[in-house]
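Listed below, chain by chain, are the residues.
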Amino acid sequence: MLKPWFILPALLLSAPPPQQPAATPAQSTIPPEAAHLANPVKPTAESQARARKMYGYDCAMCHGATGNGKGDIPDLKPAPRDYTDPAALKDLSDGEIFYILKNGKGQMPPDGDRTKPDDLWNMVILVRSFAKK
């Protein structure tokens, strides 16, 4: 007869390894409190220049230099929206756009805490400006 202290290690070694939680895609549901946030910044030439520079580094590769959704990375599913079309953002509040920039959505990674909130709010203004040209 096997001793109990021999059985437990044998059972543990034969058990399948614990499953790692599946990587979760960026949150797709925007909390209502985020949707109601109002943009607290007033754009300046300097803040918009900084937003354009950040957009060029972080966003243009997928969203296109002009925001038309035709970046350098082909075959994104779903394809990025064409922000030059006013209809693309008409159903999103500034708070929702801010939330998406900060937390990501789908394949778009989050900016998280690496970007100051005022810079994200200025990015919201920049993205909205693409449709005004």
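Residues numbered from 1 in each chain as written. Predicted model: local features only at pLDDT ≥ 70, side-chain atom pairs only at ≥ 80, totals over all residues. Heavy atoms only, no water.

### Quick look at the overall build of the chain
Then comes step 1: Helix and strand counts for the chain stand at six helices and zero strands.
Then comes step 2: Along the chain, helices (α) and strands (β) appear in the sequence α-α-α-α-α-α when read from the amino end.
Then comes step 3: A buried classification covers 32% of the 133 residues belonging to the chain.
Then comes step 4: Taking contacts inside the chain between residues at least 6 apart in sequence as the whole, the part at least 24 apart equals 56%.
Then comes step 5: Of the roughly 9,500 Å² of accessible surface on the chain, 62% is carried by carbon and sulfur atoms. (Helix = DSSP H or I, 4+ residues; strand = E, 2+ residues; numbered from the N terminus. Buried < 20%, exposed > 50% of the residue type's maximum accessible area, 1.4 Å probe, protein only. Contact = heavy atoms within 4.5 Å. Areas by Shrake-Rupley, 256 points an atom, 1.4 Å probe, with all protein chains shown as cover.)

### Structural notes on the packing of aromatic side chains
Then comes step 1: Counting across every chain of the model gives two aromatic pairs.
Then comes step 2: Taking the centre distance of 4.2 Å and the plane angle of 15° together, the rings of Phe 98 and Trp 121 count as stacked. Linking Phe 98 in helix α5 (residues 94–103) with Trp 121 in helix α6 (residues 117–129), this pair joins segments that are 23 residues apart in sequence.
Then comes step 3: Taking relative accessible area as the criterion, Phe 98 reaches 10% and is therefore assigned buried.
Then comes step 4: Overall, Trp 121 belongs to the buried group, its relative accessible area being 5%. (Phe/Tyr/Trp six-rings, centres within 6.5 Å; stacked < 30°, edge-to-face > 60°.)

### Some remarks on the pattern of salt bridges
Then comes step 1: For the structure on display, the rule yields seven salt bridges.
Then comes step 2: One salt bridge in this structure joins Asp 119 and Arg 50, with 2.8 Å as the shortest N-O distance. On the criterion of sequence distance, the pair formed by Asp 119 in helix α6 and Arg 50 in helix α3 (residues 45–58) is long-range, its members being 69 residues apart.
Then comes step 3: Asp 119 sits in the buried class, given a relative accessible area of 11%. (Salt bridge = Lys/Arg side-chain N within 4 Å of Asp/Glu carboxyl O.)

### Observations concerning the environment of Arg 128
Then comes step 1: Along the polypeptide, Arg 128 turns up in helix α6.
Then comes step 2: On the accessibility criterion, Arg 128 (23% relative accessible area) is partly exposed.
Then comes step 3: Residues Arg 128 and Leu 89, 39 residues apart in the sequence, show an inter-C-alpha distance of 7.5 Å.
Then comes step 4: For Arg 128, the contacting residues outside a window of four places in its chain are Leu 89, Leu 92, Ser 93, Asp 94 and Ile 97.
Then comes step 5: Within the structure, Arg 128 has its side chain in polar contact with the backbone oxygen of Leu 92 (distance 2.4 Å). (Polar contact = N/O pair within 3.5 Å; in protein donor to acceptor, adjacent residues only side chain to side chain.)

### A word on the packing of α5 against α6
Then comes step 1: Interhelical geometry of α5 versus α6 gives an angle of 120° and a closest axis separation of 9 Å. Crossing of α5 against α6: the hand is right-handed. Contacts between α5 and α6 involve Asp 94, Gly 95, Ile 97, Phe 98, Leu 101 and Lys 102 from the former and Pro 117, Leu 120, Trp 121, Met 123, Val 124 and Arg 128 from the latter.
Then comes step 2: In terms of residue class, the contact of α5 with α6 is built from eight nonpolar, one polar and three charged. (Axes fitted to C-alpha atoms, helices over the stretch in contact; angles between N-to-C directions. Left-handed = near helix turned anticlockwise from the far one by under 90°. Nonpolar A, V, L, I, M, F, W, Y, C, P; charged D, E, K, R; others polar.)

### Here we look at the environment of Arg 114
Then comes step 1: With respect to the helices and strands, Arg 114 occurs in the loop between α5 and α6.
Then comes step 2: The spacing of Arg 114 and Lys 102 is twelve residues in sequence and 9.1 Å in space, taken between C-alpha atoms.
Then comes step 3: Side-chain polar atoms of Arg 114 contact the side chain of Asp 58, separated by 3.0 Å.
Then comes step 4: At a separation of 3.1 Å, a polar atom in the side chain of Arg 114 contacts the side chain of Asp 111.

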